[in-house]
Amino acid sequence: QVQLVESGGGLVQAGGSLRLSCAASGSIFSISAMRWYRQAPGKQRELVAVITSIGSTNYADSVKGRFAISRDNAKNTVYLQMNSLKPEDTAVYYCHAEVIWNRLNDYWGQGTQVTVSS
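All residue numbers here refer to positions counted from 1 along the written sequence of the relevant chain. Under the rules for a predicted model, residues below a pLDDT of 70 receive no local features and side-chain atom pairs below 80 are neither given nor counted, while totals for whole chains, interfaces and linings still include all residues. Just so you know, side-chain values use all the structure's heavy atoms and leave hydrogens and water out.

(A) The nonpolar core, seen in detail. Residues Trp-36, Leu-80, Met-82 and Tyr-93 are the most contacted members of the largest nonpolar core, which totals 31 residues. Counting only elements with at least two residues in this core, the list comes to strand E1 (2–7), strand E3 (18–26), strand E4 (30–39), strand E5 (46–51), strand E7 (67–72), strand E8 (77–82), strand E9 (91–100) and strand E11 (112–117). Only DSSP runs of H or I reaching four residues or more are called helices, and only runs of E reaching two or more are called strands; each is numbered from the N terminus. For this core, the element with the highest residue contribution is E9, accounting for 5 residues. Any pair of residues with heavy atoms lying within 4.5 Å of one another is described as a contacting pair. Apart from residues lying up to four places away in sequence, Leu-80 is in contact with Leu-18, Arg-19, Leu-20, Trp-36, Val-48, Ala-49, Phe-67, Ala-68, Ile-69 and Tyr-93. For the purposes of this section, nonpolar cores are sets of buried Ala, Val, Leu, Ile, Met, Phe, Trp, Tyr and Cys residues that join through side-chain atoms within 4.5 Å. To sort residues, take the accessible area from a 1.4 Å probe on protein chains only and compare it with the maximum for the residue type: under 20% means buried, over 50% means exposed, and anything in between is partly exposed.

(B) Geometry of the environment of Ile-51. Tracing the backbone through its elements, the reader meets Ile-51 in strand E5. A relative accessible area of 4% places Ile-51 in the buried class. The spatial distance from the C-alpha of Ile-51 to the C-alpha of Lys-64 is 14 Å, given a sequence separation of 13 residues. In this view, Ile-51 contacts Ser-32, Ala-33, Met-34, Ser-56, Thr-57, Ile-69, Ser-70, Arg-71 and Val-78; residues no more than four positions away in its chain are not counted.

(C) Molecular detail of the pattern of salt bridges. By salt bridge we mean one thing: a side-chain nitrogen of Lys or Arg within 4 Å of a carboxyl oxygen of Asp or Glu. Enumeration according to the criterion identifies 5 salt bridges in this entry. When the shortest N-O distance is used, the salt bridge between Arg-38 and Asp-89 registers 2.9 Å. Of this pair, Arg-38 sits in strand E4 while Asp-89 sits in the loop between E8 and E9, and the two are 51 residues apart along the sequence. On the accessibility criterion, Asp-89 (1% relative accessible area) is buried. Across the pair Asp-61 and Lys-64 runs a salt bridge whose closest N-O atoms are separated by 3.2 Å.

Okay, here's the thing in structure tokens:
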């Protein structure tokens, strides 16, 4: 079994910054892609950013130039640096990991709330 534990959410004013972390632990041989999603009230969950095992990244258009995803493979941890935050970034942010043990399985974190005040 694998656990993903997120941290770093909170309340911030518009224009501010937050850094989210998501640490994976448990039965892990390696981790393929890691992703951050978010879900605002009344909206569907959306993909924010993805990073592959070799560090290639991709972002939703709405966060390009403001957010940066990174990972520390030695710590099985993914980060999301969020700058120039806007009220529309308010959501619960979830990390997702494709974990390889005896086969590939995907896991979700419990979510962390990010609230941006105007």
